[in-house]
Amino acid sequence: MPPGDTLILNSFSELPDSVRRIVDSLMGLRSYQEPIEQKGPQYPFPEWVMFLFLLFVISATAYFYVIKPARAKKRRISKLLTGDSAGKTITGIRYDQWLSRYNPYYNSLNSDLKKRFINRTIEFKESKEFRFHFMQPEEQVTVLISGAAVQLTFGLKHFLIEYFPVINVIKEEYIVLNRDKILEGHVQVNNRSINISWNNFIKDYENYTDSENLGLHEMAHTISFDFLYGYHENKNAAFMDRFQGYIREARPVFKELLQGKNDMLDDYGSLNVEEFWAVSIETFFENALEFKAKMPGFYNAICEALNQDPLREEKIIDKRLAGLAY
């Protein structure tokens, strides 16, 4: 039979016996089935409806957990700063009493600068979450700690130190897991928190002449992100140019401290450049007159970096850089 022809039989019985036996054996095998097509997930609604629903859930979550709390915080701050005269006056009087009692820097300000200081203290305090450990929460504590940050950044336009939203206040010295020494305070970069022992904080402000101030020391560490690395609020070319002056003047002073030839700064500053910066800030504020007399170039470099001079009545050097109108 030529290739391509088809043999048509009227019945299965017409096949030869040998062929019929082969067909019988083939019919006993299971027939091949193509795999069932895999279908995507089945939704009760069209995919575009599900997408809109998911977008709504994300937006609602962002509103209730991020946007709404932020707006409420801004309204609260605005009310404290510009609210009814009676409430604002009472808050101002209370804060003024606490700061006047414990913060010599605040006491050295004129009346206009004191108002600016209190307003900034309110804004800074409201921007942070204060967590108290082994002591009862006290508003006075939050005000004084906020005041330390405001003091350090008084000449800067940006002062909220936003990278660190949490401040832990511990009643007294403490030990941190995996550290083999007792701490008075420290800054945690990973947890974005500032940690301060209250007993040491208040003791250092009560003695404002020994160049030891825990509050200023820890706040100096928090703004080192801006000053040393330029990561956050004050990251701008003008600011970093000013800080280069600090670096130039700091090098020989740091070298002297390493060699034990500097009797002005605490030896703890020789540990590393960040501790040197923090120790210098303590002396800069608490012993400004002697600091300037012994290291005028270094003193002026810190003045330029912070845009303020503790020895000046007006404190702030350049009002534009401080966010003040002329």
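What you see is a predicted model, and the numbers here were worked out from it, not measured in a lab. (Residues numbered from 1 in each chain as written. Predicted model: local features only at pLDDT ≥ 70, side-chain atom pairs only at ≥ 80, totals over all residues. Heavy atoms only, no water.)

1. Let's talk about the overall build of the chain
Stage number 1. A count of helical and extended segments in the chain gives 12 helices and six strands.
Stage number 2. A buried classification covers 41% of the 326 residues belonging to the chain.
Stage number 3. For the chain, restricting intrachain contacts to residue pairs at least 6 apart in sequence, the fraction spanning at least 24 positions comes to 62%.
Stage number 4. Summing over all exposed atoms, the chain offers an accessible surface of approximately 19700 Å²; the carbon and sulfur share of this is 55%. (Helix = DSSP H or I, 4+ residues; strand = E, 2+ residues; numbered from the N terminus. Buried < 20%, exposed > 50% of the residue type's maximum accessible area, 1.4 Å probe, protein only. Contact = heavy atoms within 4.5 Å. Areas by Shrake-Rupley, 256 points an atom, 1.4 Å probe, with all protein chains shown as cover.)

2. With respect to the nonpolar core
Stage number 1. Among the nonpolar cores identified, the biggest contains 71 residues, and I145 and F298 are the most heavily contacted of them.
Stage number 2. Broken down by element, this core gets its largest block of residues, eight residues, from helix α6 (residues 139-152).
Stage number 3. Aside from chain neighbours lying at most four places away, what touches F298 is Y246, E249, A250, V253, L265, F276, S280 and F291. (Core = buried A, V, L, I, M, F, W, Y, C linked by side-chain atoms within 4.5 Å.)

3. Digging into the packing of α6 against helix α7 (residues 198-206)
When two helices pack together, their arrangement is given by the angle between the helix axes and by the axis-to-axis distance.
Stage number 1. The geometry of α6 relative to α7 is characterised by a closest axis approach of 11 Å and an angle of 60 degrees between their N-to-C directions. By the criterion of interaxial angle, the relationship of α6 to α7 is oblique. The two elements α6 and α7 meet at a crossing, and its hand is left-handed. Within the contact between the two elements, α6 uses V141, L144, I145, A148 and Q151 and α7 uses W198, F201, I202 and Y205. (Axes fitted to C-alpha atoms, helices over the stretch in contact; angles between N-to-C directions. Parallel < 35°, antiparallel > 145°, perpendicular 65-115°, else oblique. Left-handed = near helix turned anticlockwise from the far one by under 90°.)

4. Here's the deal with unusual backbone geometry
Stage number 1. Backbone geometry places R192, a non-glycine residue, at a positive phi of 55 degrees.
Stage number 2. Within the secondary structure, R192 is located in the loop between β5 (185-188) and β6 (193-197).
Stage number 3. Here S211, not a glycine, exhibits a phi torsion of approximately 60 degrees, which is positive.
Stage number 4. Topologically, S211 is positioned in the loop between α7 and α8 (214-229).
Stage number 5. Residue S211 is classed as buried on the basis of its relative accessible area, which comes to 11%.

5. Quick look at a nonpolar patch on the surface
Stage number 1. On the surface, a cluster of nonpolar side chains totalling about 470 Å² of accessible area is made up of W48, F51, L52 and L55.
Stage number 2. Checked against the element boundaries, L52 lands in helix α2 (residues 47-82). (Patch = residues over 30% accessible without salt bridge, like charges linked within 9 Å, V, L, I, M, F, W, Y side chains within 5 Å. Salt bridge = Lys/Arg side-chain N within 4 Å of Asp/Glu carboxyl O.)

6. Observations regarding the packing of helix α10 (residues 273-286) against helix α12 (residues 296-306)
Stage number 1. Between α10 and α12, whose axes approach to 11 Å, the crossing angle comes to 95 degrees. Classified by the angle their axes make, α10 and α12 are roughly perpendicular. Between α10 and α12, the contacting residues are F276, W277, S280, I281, F284 and F285 on the first element and F298, Y299, I302, C303 and L306 on the second.

7. Some remarks on the side chain of N200
Stage number 1. Secondary-structure assignment places N200 in helix α7.
Stage number 2. Dropping the residues within four chain positions of it, N200 is found in contact with E173, E184 and L214.

8. A closer look at α12
Given 3.6 residues per turn, any residue in an α-helix points the same way as the ones three and four places further on.
Stage number 1. Buried residues of α12: F298, Y299, A301, I302, C303, A305 and L306, and no others.
Stage number 2. Immediately beyond the C-terminal end of α12, within one or two residues, lies N307, with a positive phi of roughly 55 degrees.

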